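This is what each chain is made of:
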Amino acid sequence: MLKIGLTGSIGMGKSTTAKLFADAGLPVNDADAVVHDLYSGAAAPLIDVAFPGSVKNGTVDRQELGRQLASRPEGFKQLERIVHPLVREREAMFLDAQRGQGTQMVLLDIPLLFESGAADRVDVVVVVSCDPQIQRQRVLARPNMTEEKFNMILSRQTPDAEKRRRAHYVIDTGHGIDQARERVGAIIADLRQRIANGDFPNA
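Residues numbered from 1 in each chain as written. Predicted model: local features only at pLDDT ≥ 70, side-chain atom pairs only at ≥ 80, totals over all residues. Heavy atoms only, no water.

Looking at an unreviewed UniProt entry, one finds the chain named Dephospho-CoA kinase and attributed to Rhizobium metallidurans. The Function (unreviewed entry) field of the UniProt record for the chain holds the comment "Catalyzes the phosphorylation of the 3'-hydroxyl group of dephosphocoenzyme A to form coenzyme A." As recorded by UniProt, the Catalytic activity (unreviewed entry) comment attached to the chain reads in full: "3'-dephospho-CoA + ATP = ADP + CoA + H(+)". (UniProt positions renumbered as here; feature names shortened; annotations may be inferred.)

Here it is, written out as structure tokens:
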């Protein structure tokens, strides 16, 4: 089974692109959605111990957690030590289920693909990108987003140019949804052809 890793910096259109792969029939494991689920489940009590007061009514309060992380940046590593193993566990369950169904290829939507070393766990890397000005406009239009917060998030992410350099495929979302959908279809067709050609002996 071919594992496609999808990533992209904040505001590049990664979530929208993941939906395009899903619309094209690929099973998608969304790491962000898994984290959201864990924040109201298995991860919540562990995060509450590490970041007192960040959990309310059994669910992580993202704003309060973000406030605590802003005042102690070393907390990011602590949070990752709690959350990443749980996310990996869910990912493994997803992959086992898809293998059992004989699925040809799956998409792993992983925001911190390069930063967390997850690139080693996938066969192909697809990077979602766009012009930096479009990225900035998209991000600063989000609720509760500030220049300072945007810059802090960017500082923790592998630069877009480096992501593009390490990608097998790049999808530019700056030209509209139709062009992005066309690119997704072309990538899937190319990968199917490469599987048929035996380019991925382990897939």
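Read on for the rest.
K.L.:
In this structure, what is going on with the overall build of the chain? I would like to understand it.
P.N.:
Helices and strands together make up the secondary structure of the chain, namely nine helices and seven strands. Scaling as 2.2 N^0.38, a compact globule of 203 residues should have a C-alpha radius of gyration of about 17 Å, and the chain matches this with 18 Å. Principal axes of the C-alpha set define a box for the chain whose edges measure 55 × 40 × 25 Å. A buried classification covers 43% of the 203 residues belonging to the chain. In the chain, of all internal contacts separated by at least 6 residues, the share reaching a separation of at least 24 is 71%. Total accessible area computed for the chain in this model is approximately 10700 Å², and 50% of it derives from carbon and sulfur atoms. Across the chain, the centroid of the 26 positively charged side chains sits 2 Å from that of the 26 negatively charged ones. (Helix = DSSP H or I, 4+ residues; strand = E, 2+ residues; numbered from the N terminus. Rg over C-alpha atoms; globule rule 2.2 N^0.38 Å. Buried < 20%, exposed > 50% of the residue type's maximum accessible area, 1.4 Å probe, protein only. Contact = heavy atoms within 4.5 Å. Areas by Shrake-Rupley, 256 points an atom, 1.4 Å probe, with all protein chains shown as cover. Lys, Arg positive; Asp, Glu negative; His and termini not counted. Charge placed at Lys NZ, Arg CZ, Asp CG, Glu CD.)

K.L.:
Got a minute to help me understand the packing of aromatic side chains in this structure?
P.N.:
Geometry of an aromatic ring pair is reported as the spacing of the ring centres plus the angle between the planes. Taken as a whole and assessed by the stated rule, the structure comprises zero aromatic pairs. The ring of phenylalanine 76 carries arginine 156 above its face, with NZ or CZ at 3.8 Å from the centroid. (Phe/Tyr/Trp six-rings, centres within 6.5 Å; stacked < 30°, edge-to-face > 60°. Lys NZ or Arg CZ within 6 Å of the ring centre and 35° of its normal.)

K.L.:
Is there a simple way to think about the nonpolar core in this case?
P.N.:
Note that soluble globular proteins tend to have their nonpolar side chains buried in a common cluster. Counting residues in hydrophobic clusters, the biggest one holds 23 residues, and the most contacted among them are Leu2, Ile4, Phe21, Met105, Val126 and Leu191. Those elements that place two or more of their residues in this core are strand 1 (2–7), helix 1 (14–23), strand 5 (105–109), strand 6 (124–129), strand 7 (169–172) and helix 9 (177–196). Per element, the largest residue contribution to this core is six residues, and it comes from helix 9. If near-sequence neighbours (up to four positions away) are discounted, leucine 191 is found in contact with Leu2, Ile4, Met105, Val124, Tyr169 and Phe200. Residues Ala31, Tyr39, Val60 and Leu69 belong to the second largest nonpolar core, which totals 20 residues. (Core = buried A, V, L, I, M, F, W, Y, C linked by side-chain atoms within 4.5 Å.)

K.L.:
Whenever I open this one, the packing of helix 6 (residues 132–140) against helix 7 (residues 147–155) confuses me. Can you help?
P.N.:
Between two packed helices, both the angle of their axes relative to each other and the distance between the axes serve to describe the pair. In contact at an axis separation of 10 Å, helix 6 and helix 7 are set at 125° when each is read in the N-to-C sense. Relative to helix 7, helix 6 is oriented oblique. Crossing hand, helix 6 versus helix 7: right-handed. Residues Gln135, Arg136, Val139 and Leu140 of helix 6 form the contact with helix 7, whose participating residues are Glu147, Phe150, Asn151 and Leu154. Its residues assigned to classes, the contact of helix 6 with helix 7 shows four nonpolar, two polar and two charged. (Axes fitted to C-alpha atoms, helices over the stretch in contact; angles between N-to-C directions. Parallel < 35°, antiparallel > 145°, perpendicular 65-115°, else oblique. Left-handed = near helix turned anticlockwise from the far one by under 90°. Nonpolar A, V, L, I, M, F, W, Y, C, P; charged D, E, K, R; others polar.)

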